[in-house]
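# Architecture and fold: a report
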Amino acid sequence: MNLAELTLHIQEKNIGLSVHNGELIIRAAQGVISPALLAALKQYKPELLAALQKDGGALAFKAVTPQVPPVKITPDLLPLVSLTQADIDLIIGNVPGGTANIQDIYPLAPLQEGILFHHLLATQGDDYLLRTVLSFSQRGHLEAFLSALQTVIDRHDILRTAIYWQDLPQPVQVVQRQALLPIIELPENGADAAYSQLLAATDPRQVRINLQQAPLFAAYTLYDAAAGEWLLALLNHHLVSDHLTLELIIAEIQLIISGQAERLPTPLPYRNFIAQTLALPPAVHESYFKQQLADIDSPTAPFGILATNSGPLNEAKRLLNPELARCICLSAKQQGVTAAVLFHVAWAQVLAQCTGRDAVVFGTVLLGRLQHSGGSDRTLGLFINTLPLRINLAGQSVSGLVKATYRQFMDLLDHEQASLALAQRCSSVAPPLPLFTSLFNYRHSTAAPATDVAVAALWQGMRIHHSEERTNYPIALSVDDLGEGFLLTAQCTDGIDPGRIAGYLETALEHLTAALANRPACPVSQLSILPDTERRLVLGYAETGHLPIDNNPVENCIRPIALGKKNWLFAGSERAGQRAAAIQTLLGTAKLNGLNPAAWLKETLEKLPVWPNSRIDELLPLTPEQITAIKQTLPEKATW
C-alpha cells in the first residue's frame, strides 16, 4: 500500500489522525485498524506527520462526525448558558465535525472553574492531570481494555466533553457526539528501561493535554521487551472525573470485558447536575459564607507556608490500627455523628497546634452528590467541590466541639456547590493571600478489588503499577474510609514531613476518642497531637536545658566578628586571621559562661608565661565546675 492508497483508505474508513506532542494519534472505530493498516501507518508516519502539521494538526476528522442532519445551534437551544450567536459560531468552528458533532453546551461547575483557572496559570505540567500505569501480559488484553474504555466514553456525555474559553464571555463545556480516545504507541528507545521511559513521557509535572479536544483522556502504550508485557499509562483530567467517577468507569470496563454489557446502567446526563447547581442564586451562598468568614483576616497556614505547591510532593500512607478504627466508629455512633466529623475535629486540632490559632479554616472536599437528584450515585462527572470549613476551638469542651463541628458541616452541605472563589471573597483576607493552605479529603473507598471469581479472572492479565493524584496545596490529608478501617495519605511540599503530619492526626484521634469516652467535658485545648516519641524529645529538650531555646546568645557573640571582618582582612596573613578568630571564639565562650571576657583575657595573659603546658586546659574560659564535670567524663589518663 503506497501513501496515496493509504490516504484514500483513511478517508474511506473515516479514520481520524492528529498530532499530540509530536506523536501520531489514530482515531478509529473498533476493528477498523488491521495489522496491515497499522504497518502502513507506521511506514508512512513521517509523511503523515508532515501532512498533519501542514493541515493545522488534524486530518480526516470525518471519523468523529456522526451521520445526522446538521441543525443550526441558536441561543434559545442552550437554556443553561448565555451565549450570542457569534459565540456559538466561534465554538462550532473549533469543534471537529462542526454542528453535527455538538450534542450540548453548558457552563462549568464551580470546581471545574477553579481547576481551569489553575490550568491556565501553569505553563508546564498540570496539577490536575491524573495518571495510572498498568501492564498487560498480552497485547490482546491491552486492546480489550482500551476498546472497553472507548465504549464507556461513548456512553457518557461528560467523557466526550471539551472545555472552551478563548474569546468567550465565560468558559463552557461542549459535549461532542463522538470523541475517540487518543492512543499513542511509544517506540522503545533501548537506552532506558521501558517503565522509566513511559513514566518520563507521561509525567504530569511536564505533560499537558489539550482541554479543547475531547475526550480529556490520553492512552500511552509501550512494549516492555525485557518483561514481555505491554505497558499503558492512562492520563485523565480532573475536569471531567472525580474519585467515584473513576470507580464507576472501572466497574463498567469490568462488565464490558466479561461480556456482561447488558448489565450496564442507563447513562445519566451531567447537564442535570449543572442545571441543579445553577438553581440556587449566588447571593444565598454569599450570605452564608460572610457569616462564617467575615472576621477572618489572615490565612490559616500551617508552619507559615503560604505559597502553593508547584514541585514534587512527598507522600506518606498510614493505616490506622484496627483498635483505633473501632474506637472512632464507636465514638461517632455514641455522639450521633459520622466518623467524618471526628476526623474533621482532629484535623482542626492539628491545624490549631501547627498555626497557633484557635479559629482555623481549611479546605474540605465535599462529595457534591448529596443534594443532587436521583441517580447521582451512578452519574459520571466532576461532582466534588472544595470549600472552606471554619472550626472554633477556643473555650470548647471535647463533646461540645464535636457537636459544633457537626452543625457546621451540615450547614456547609447546603452550599456544597458554591464557588470557592466566592467563599474566599467573603472573608477579610486581602488578596492575593489565600484563605487556607491545607486540604482535607474524607472519602469512602473500597479496601480491595472485587473478589468475585469471574471478575477477578478479568484482571489476571493486568496489573496496576502506579496511580497518583496531585494537588497544588502545600499540605493535603486524605482519609480513605475502607468500611472496616481507615487509611491516611498525607502529601506535603518539601520541608514538611508527611509521615509526621499523618502521625499528628492519628495521635489527635487517639486522644479525642479517649476523651469522648472518659472525659467529654474536658477542654479540647488539653488534648495533645504529639506522638509519644516526639513528645519525649520535646520534654527531654525542655528538662535538660543544655541548649538555649533560641540562638540569640550565639548571634550576639558572633556579631563583633561579623562587624570586624573588614579589619581582619588586613591581619597580615591567613594564619593571623585564624588566630584572631580563635581569640574571638575564646572571648565569646567566656561571655556565654558568665565570665568577664576582658578580665579573663588579662588574667590568662599574666599566667601564661609561667603556666605548665600540662595544665593549659585549666586556663580555658570555663567555670571550675565545668572543668571538673568534663574531666570526670574522660577515660582514665585521657587529656582534653
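Here, residues in each chain are numbered from 1, in the same order as that chain's written sequence. Local features in this predicted model are restricted to residues whose pLDDT is 70 or higher, and side-chain atom pairs enter the listing and the counts only when it is 80 or higher, whereas totals over whole chains, interfaces and linings include all residues. For the side-chain quantities, the full set of heavy atoms in the structure was used; hydrogens and water were omitted.

### Let's talk about the UniProt feature "domain: Transposase IS66 C-terminal" (unreviewed entry) in the protein
In the numbering adopted here, UniProt assigns the feature "domain: Transposase IS66 C-terminal" (unreviewed entry) to residues 585-621. A helix here means a DSSP run of H or I that spans at least four residues, while a strand means a run of E at least two residues long, and both kinds are numbered starting from the N terminus. Secondary structure across residues 585-621 comprises 51% helix and 0% strand; the distance between its end C-alpha atoms is 10 Å. UniProt positions are given in the numbering used here, feature names are shortened, and annotations may be inferred rather than shown by experiment.

### As for the nonpolar core
Here the nonpolar core consists of buried residues drawn from Ala, Val, Leu, Ile, Met, Phe, Trp, Tyr and Cys, with membership extended through side-chain atoms lying within 4.5 Å. When accessible area is computed with a 1.4 Å probe and restricted to protein chains, residues below 20% of their type maximum are described as buried, those above 50% as exposed, and intermediate ones as partly exposed. Counting residues in hydrophobic clusters, the biggest one holds 133 residues, and the most contacted among them are F289, F343, W347 and L505. Considering each element in turn, this core owes the most residues, 13 residues, to helix 12 (residues 339-355). Only heavy atoms matter for contacts: two residues are in contact if any of them lie within 4.5 Å across the pair. Setting aside residues no more than four positions away along its own chain, W347 makes contact with F362, S438, F440, I475, L477, I501 and L505.

### Here's the deal with the sheet that holds strand 11 (residues 314-319)
The pairing of strands in a sheet comes from backbone hydrogen bonds and takes either a parallel or an antiparallel form. Pairing in this open sheet of six strands is mixed, and the strands run 11-17-16-14-12-13 from one edge to the other. Of all strands in the sheet, those bounded by a partner on one side alone are strand 11 and strand 13 (385-392). The sheet shows a mean angle of 20° between the axes of neighbouring strands, taken without regard to direction. Summarising the sheet, strand 11 and strand 17 (residues 486-492) pair through six bridges and their orientation is antiparallel. Along strand 17, the bridge assignment pairs E315 with Q491. Contacts between helix 12 and the sheet are confined to strand 12 (359-366), strand 13, strand 14 (438-444), strand 16 (475-481) and strand 17, with strand 12 contributing the most and set at about 140° to the helix. Pairing between two strands requires that DSSP report at least two bridges joining them. Axes, fitted as lines to C-alpha atoms, cover a helix only where it is in contact. Angles between the N-to-C directions of the axes lie from 0 to 180 degrees.

### What to know about helix 10 (residues 282-293)
By this rule, a helix spans an expected 1.5 Å times one less than how many residues it contains. If you check helix 10, its first and last C-alpha atoms are 16 Å apart, about what twelve residues at 1.5 Å a residue would give, namely 16 Å. Residues of helix 10 that are buried include every one of H285, Y288, F289, Q292 and L293, and no others. Here the buried residues of helix 10 occupy an arc of 110° about the axis, which is enough to place them on one side. Pointing more than 90 degrees away from the buried face of helix 10 are the exposed residues A283 and Q291. The inward-facing, buried residues of helix 10 abut strand 12, strand 13, helix 13 (398-413) and helix 14 (420-425). Comment: arc refers to directions from the helix axis out to C-beta atoms.

### A look at the packing of helix 12 against helix 16 (residues 498-518)
For the pair helix 12 and helix 16, the least separation of the axes is 9 Å and the interaxial angle reads 120°. By the criterion of interaxial angle, the relationship of helix 12 to helix 16 is oblique. Crossing handedness for the pair helix 12 and helix 16: right-handed. Only I501, Y504, L505, A508, L509, L512 and L516 of helix 16 make contact with helix 12, whose side of the interface consists of L342, F343, V345, A346, W347, Q349, V350 and C354. Broken down by class, the residue content of the contact of helix 12 with helix 16 amounts to 14 nonpolar, one polar and no charged. Geometric relationships in this document are graded by angle, where less than 35 degrees denotes roughly parallel, more than 145 denotes roughly antiparallel, 65 to 115 denotes roughly perpendicular, and other angles denote oblique. By definition, any crossing whose near helix is turned counterclockwise from its far helix by less than a right angle is left-handed, and any crossing with a clockwise turn is right-handed. Under the scheme applied, nonpolar residues are Ala, Val, Leu, Ile, Met, Phe, Trp, Tyr, Cys and Pro; charged residues are Asp, Glu, Lys and Arg; polar residues are all the others, including Gly.

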